[in-house]
Amino acid sequence: MLAEFVDSFDLAATLDAKFATIEREPKLTGDAKLDALVGAMAEYLAKQRRLGRVPSWVCDPARRLEEPWFTVTAPTDAMREFLTFSSPAEFSSRNIFTEERPLRRARGL
């Protein structure tokens, strides 16, 4: 579902249309990781695609995790260190540690 959202965002024809896909705050799910991830994704997309603005809802404290989340299965100490330094600020500021380009998608020709 999140991958489809990124695809829809990228397919929007204009910067305003792209912003419209992230402007309205989605309801909190009660899953702290998912709620934080959605905030990180919206902020990351807005900045990476140079929309010139970020939705205000991404600053909600409910969009941040209390404990670090390393988005790999059974992270080693070395992997934790790598993810800590490679994670984009939009993710690490929410205590989410992931790869350098977390929303990249494989594209067919």
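Residues numbered from 1 in each chain as written. Predicted model: local features only at pLDDT ≥ 70, side-chain atom pairs only at ≥ 80, totals over all residues. Heavy atoms only, no water.

**Here's the deal with the pattern of salt bridges**
Right, so step 1: For the structure on display, the rule yields six salt bridges.
Right, so step 2: Ionic pairing is found between Arg53 and Asp16, a salt bridge with its closest N-O pair at 2.9 Å. Linking Arg53 in the loop between α3 (32-48) and β1 (69-70) with Asp16 in helix α2 (residues 15-23), this pair joins segments that are 37 residues apart in sequence.
Right, so step 3: A relative accessible area of 39% means that Arg53 is categorised as partly exposed.
Right, so step 4: The residue Lys47 makes a salt bridge to Glu43 at a minimum N-O spacing of 2.7 Å. With Lys47 and Glu43 both in helix α3 and four residues apart, the pair spans about one turn of that helix.
Right, so step 5: A relative accessible area of 12% means that Glu43 is categorised as buried. (Salt bridge = Lys/Arg side-chain N within 4 Å of Asp/Glu carboxyl O. Helix = DSSP H or I, 4+ residues; strand = E, 2+ residues; numbered from the N terminus. Buried < 20%, exposed > 50% of the residue type's maximum accessible area, 1.4 Å probe, protein only.)

**Some details on the nonpolar core**
One broad rule of soluble globular proteins: the nonpolar side chains tend to lie buried together.
Right, so step 1: Counting 21 residues, the largest nonpolar core has Ile22, Leu37, Met41, Leu51, Phe91, Ile96 and Leu103 as its most contacted members.
Right, so step 2: If you list the elements that add at least two residues to this core, you get α1 (2-11), α2 and α3.
Right, so step 3: Considering every element that reaches this core, the biggest residue donor is α3, with nine residues.
Right, so step 4: When residues no more than four places from it in sequence are discounted, the contact partners of Phe91 are Leu37, Ala40, Met41, Tyr44, Ile96, Thr98 and Pro102. (Core = buried A, V, L, I, M, F, W, Y, C linked by side-chain atoms within 4.5 Å. Contact = heavy atoms within 4.5 Å.)

**Structural notes on unusual backbone geometry**
Right, so step 1: Residue Arg50 is not a glycine yet carries a positive backbone phi of 50 degrees.
Right, so step 2: For Arg50, a relative accessible area of 70% translates into the label exposed.
Right, so step 3: We note that Ala74 has phi near 45 degrees; this positive angle belongs to a residue other than glycine.
Right, so step 4: If you trace the backbone, Ala74 turns up in the loop between β1 and α4 (77-86).
Right, so step 5: Taking the relative accessible area as the measure of exposure, Ala74 reaches 65% and is therefore exposed.

**Some thoughts on the environment of Glu25**
Right, so step 1: Locating Glu25 in the fold gives a position in the loop between α2 and α3.
Right, so step 2: Overall, Glu25 belongs to the partly exposed group, its relative accessible area being 38%.
Right, so step 3: Separated by 14 residues in sequence, Glu25 and Gly39 place their C-alpha atoms 8.9 Å apart.
Right, so step 4: Excluding residues within four positions of it along the chain, Glu25 makes contact with Trp57, Asp60 and Arg63.
Right, so step 5: Here Arg63 takes part through its side chain, which lies 3.3 Å from a polar atom of the side chain of Glu25. (Polar contact = N/O pair within 3.5 Å; in protein donor to acceptor, adjacent residues only side chain to side chain.)

Honestly, that's just the spatial picture; any functional story needs more than this.
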